[in-house]
Amino acid sequence: MPLKKINIKLTFVLLLIFFASMLYIFNTNGNCIYPQKSFENINNSSINIDVHSGDSIQQAIDNVCSGGTVTVYSGLYKENLAIDKPLSIISKERKHENAIIQAADPERDVFKITANNVTVSGFNITGSQNKSGIYCSGSGCNITGNKLSYNMYGIYINNSNRNTQDNNEMEFI
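Fair warning: this is a prediction, and the values are worked out from it, not measured in the lab.

**A short note on the state of the cysteines**
Under the defined criterion, the tally for this structure stands at zero disulfides. Here Cys136 is not disulfide-linked; the sulfur of Cys141 is the nearest cysteine sulfur, at 3.7 Å. With a relative accessible area of 0%, Cys136 lands in the buried category. On the accessibility criterion, Cys141 (1% relative accessible area) is buried.

So this is what it looks like as structure tokens:
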């Protein structure tokens, strides 16, 4: 077979592989969840995952795409949360009395934020006996309207800048 025909066939096969790969990448969307938008955020272009009492907040954090929002409904959640991508995690009612996040492991931070541009708002964060209610090493984070109680440290900011902390209440051990 002439070299020219081999090159044409090889080019065709490589193009097919390339297009199949691109189709796969665009259809998986990085394993993010794109739930149906609710009526209240129909005009909001951000991705939103709702978490109800008994659900896992960490699972929602893991599944929401970067830049998305995890909305947590009232209830007691016993978890230690790791946030490693930009997102917002807010309580539905924006009242810290209603959404309580208690450390499942009191030897770890309740929230450990290692990403930039994270918002944590409207929670009662409690129970980290030897660590922080919120540990933040990301920059550009917004930590507002939370009550941090019975933690060794309320909010611990480490090697970061451009963070906003506003209207947080602290009670120490």
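From this point, the narrative continues.
**Looking at the environment of Gly133**
Within the element layout of this structure, Gly133 appears in strand 10 (residues 132-136). Among the residues examined, Gly133 registers a relative accessible area of 0% and is labelled buried. The spacing of Gly133 and Tyr150 is 17 residues in sequence and 8.4 Å in space, taken between C-alpha atoms. With residues near it in sequence (within four places) discarded, Gly133 still touches Val110, Phe111, Ile125, Leu148, Asn151, Tyr153 and Gly154.

**Focus: unusual backbone geometry**
Of note, Asn117 is a non-glycine position whose phi angle comes to about 60°, a positive value. Overall, Asn117 belongs to the partly exposed group, its relative accessible area being 46%. Phi is positive for Asn159, close to 50°, though the residue is something other than glycine. Residue position: Asn159 is located in the loop between strand 13 (153-157) and strand 14 (164-166). According to the relative accessible area criterion, Asn159 is exposed, its value standing at 74%.

Reading the values: the criteria
Within every chain, residues take consecutive numbers counted from 1 along the sequence as written. Where local features are concerned, this predicted model is filtered to residues with pLDDT of at least 70; where side-chain atom pairs are given and counted, the filter is 80 or more; whole-chain, interface and lining totals use all residues. To get the side-chain values, take all heavy atoms of the structure and skip hydrogens and water. Any two cysteine sulfur atoms within 2.5 Å of one another count as a disulfide. Each residue gets one of three labels from its accessible area relative to the maximum for its type: buried under 20%, exposed over 50%, partly exposed in between, using a 1.4 Å probe on protein chains only. Secondary structure follows DSSP: runs of H or I at least 4 residues long count as helices, runs of E at least 2 residues long count as strands, and numbering of each begins at the N terminus. We call two residues in contact when some of their heavy atoms are within 4.5 Å.

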